[in-house]
Amino acid sequence: MTGVRWGILGTGWVVENSFMPAIRELGPTHVVRAVASRTAAQARAFARQEGIQDAVEGYESLLERPDIDVVYVALPNHVHEKWTIRALESGKHVLCEKPLGMDPASVERMIDAAGISNRYLWEAYAFLFRSQTAHLCTLVQNGAIGDLTKIDSTFFTTIATVNYRWEASMGGGALYDLAVYPIRLADLWFQHAERASTVSTMRGTVDVESSGQVAYQRGRVLEFTVGLDHPYRTSATLWGTRGRIEVASPYHPQPTDLFTLFDNSVHPLQAAQHTGTFQAMLAHIGDAIQERQAPQYLADGSSRRVSSILAMLRGHRVARPESKHP
Ligand SMILES: NC(=O)c1ccc[n+]([C@@H]2O[C@H](COP(=O)([O-])OP(=O)(O)OC[C@H]3O[C@@H](n4cnc5c(N)ncnc54)[C@H](OP(=O)(O)O)[C@@H]3O)[C@@H](O)[C@H]2O)c1
């Protein structure tokens, strides 16, 4: 096998702005063989714009092709399960966008399908594969801040008025779209959640903003605030018994972003991210599929835990309508 052969389901924002730039950065070791859209016209337009070999009408037709190793499922959340399971059943490995499924049962079915098909399944948390995250893990493991007991994190962004994120039936809302990031970050260190609750501001049927708390065993805590209608901002602070690490951009770090270790003094550290958001994740997937590296961060235990915390948050939610501003 010479290069990794990708097929893409969907032609939306994340494909254009995160996935395709990373494919270009990776060069000839990764090739997109085909992109599928619900309509032939959109598939053709997107393939032409991005220089993709084949445009396919309908997702099923792409999955039938024998010349694809791995499928990127970049669709609205409510159809992740259907198309991920179909892709796995067609013998493809899958990179599925977050959140993997709409509830724990859905996630379980997806992970089961990967096991039955003997194919890899990843949930697309690109930050896990980036050097900043590896650096944070090393600092925590080496006791740089003592015992890590609490994480707080924010993720705000602005979503256009016409978008699936405003539809509850499509898996919209800030919890599904954004809270998964702090929950997945915390899962690197805290794994047995005992309780979770949230306060949400509702716009129509979805939460435009949510603040939540997750209590884990041994007194570990995650606190987060996420929102779909504020200028972009992310942050995280890892609080330890002897210090803290403040991370300016935990989820999509850029080359100039800093994180800072506070112990007895202050140590500003470079995130040193010289590649785009998705490049390290896609490079790893290629290496794993071609058996050059053991697969890391597969959607198994961690995706189950994230989904079960989301279910707890949704089940213990105080929801209030958004106040109207003149
Ligand atoms: N990991 C990350 O950094 C990151 C960043 C942004 C988004 N995401 C995730 O990526 C997924 C897609 O997000 P996005 O922002 O790219 O969404 P988007 O711009 O709305 O694109 C979604 C695509 O899904 C297809 N689609 C299939 N059924 C649809 C339906 N009923 N309504 C609308 N579109 C439908 C459409 O493609 P066709 O019309 O061509 O079929 C559409 O272009 C979500 O799961 C999101 O959570 C991840």
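## Observations concerning helix α6 (residues 131-141)
1) Next: By the burial criterion, the buried members of α6 are Gln132, Thr133, Leu136 and Leu139. For α6, the arc enclosing every buried residue in end-on projection is 120°, short of the 170-degree limit, so these residues lie on one face. When the buried face of α6 is taken as reference, the exposed residues oriented beyond 90 degrees from it are Ala134, Thr138 and Gln141.
2) Next: Looking at the buried residues of α6, the elements they touch are β11 (229-240), β12 (244-247) and β13 (258-262).
3) Next: Two residues or fewer after α6 comes Gly143, characterised by a positive phi angle close to 75°.

## Description of the pairing of strand β8 (residues 193-203)
1) Next: Pairing between β8 and strand β9 (residues 206-216): 10 bridges, direction antiparallel. Looking at the pairing, Thr201 lines up with Glu209 of β9.
2) Next: Between β8 and β9, which pair antiparallel one after the other, the connecting turn spans two residues, and Gly204 there sits at a positive phi close to 65°.
3) Next: Sheet analysis places β8 next to strand β15 (residues 317-321), joined by five bridges and oriented parallel. Of the residues in β15, the one forming a bridge with Met202 is Pro321.

## Points about the site of the ligand
1) Next: Neighbouring the ligand are 21 residues, the closest being Thr11, Gly12, Trp13, Ser37 and Glu97.
2) Next: It is helix α1 (residues 13-26) that contributes the most residues to the shell around the ligand, three residues altogether.
3) Next: Summarising the domain contributions, the shell around the ligand has at least three residues from each of domain 1 (4-124) and domain 2 (127-276 + 306-321).

## Concerning the domain arrangement of the chain
1) Next: Each domain of the chain was delimited in the assignment, giving domain 1 (4-124) and domain 2 (127-276 + 306-321).
2) Next: Averaged C-alpha coordinates put domain 1 and domain 2 at centres separated by 26 Å.
3) Next: Contact with domain 1, which involves 14 residues of that partner, is made by 13 residues of domain 2.
4) Next: For the side of domain 1 that touches domain 2, the elements supplying multiple residues, two or more each, are α1 and α5 (104-117).
5) Next: Residue contributions to the side of domain 1 that touches domain 2 peak at three residues, all from α1.
6) Next: When grouped by side-chain class, the residues that make up the side of domain 1 that touches domain 2 number eight nonpolar, three polar and three charged.

## What about the environment of Leu261?
1) Next: Locating Leu261 in the fold gives a position in strand β13.
2) Next: For the pair Leu261 and Val247, spaced 14 residues apart in sequence, the C-alpha separation works out to 8.8 Å.
3) Next: In contact with Leu261, other than residues within four places in its own chain, are Leu139, Ala144, Gly243, Ile245, His267 and Leu269.

## Description of the environment of Gly227
1) Next: Counting through the fold element by element, Gly227 comes out in strand β10 (residues 221-227).
2) Next: Gly227 gets classed as buried once you count the C-beta atoms within 10 Å, which come to 21.
3) Next: Separated by 57 residues in sequence, Gly227 and His284 have C-alpha atoms that sit 30 Å apart.
4) Next: Not counting residues within four places of it along the chain, the set of residues in contact with Gly227 comprises Phe156, Ala174, Val208 and Glu209.

## Quick word on the sheet that holds β10
1) Next: An order of β14-β13-β12-β11-β7-β10-β9-β8-β15 is seen for the nine strands of this open sheet, with the pairing classed as mixed. Both outer strands of the open sheet, β14 (266-270) and β15, are each paired with one neighbouring strand and no more. Pairwise comparison of adjacent strand axes, ignoring direction, gives a mean angle of 10° for this sheet.
2) Next: Note: strand β7 (residues 148-158) against β10, seven bridges, orientation parallel. Looking at the pairing, Phe155 lines up with Val226 of β10.
3) Next: Packed onto the sheet, helix α7 (residues 174-186) meets β7, β8, β9, β10 and β11 and runs at close to 25° relative to β9.

Conventions used here
Residues numbered from 1 in each chain as written. Predicted model: local features only at pLDDT ≥ 70, side-chain atom pairs only at ≥ 80, totals over all residues. Buried ≥ 20, exposed ≤ 12 C-beta atoms within 10 Å, placed from the backbone. Helix = DSSP H or I, 4+ residues; strand = E, 2+ residues; numbered from the N terminus. Arc of directions from axis to C-beta. Contact = placed C-beta atoms within 7 Å. Pairing = 2+ DSSP bridges. Near = placed C-beta within 6 Å. Domains from an automatic or database assignment. Nonpolar A, V, L, I, M, F, W, Y, C, P; charged D, E, K, R; others polar. Axes fitted to C-alpha atoms, helices over the stretch in contact; angles between N-to-C directions.

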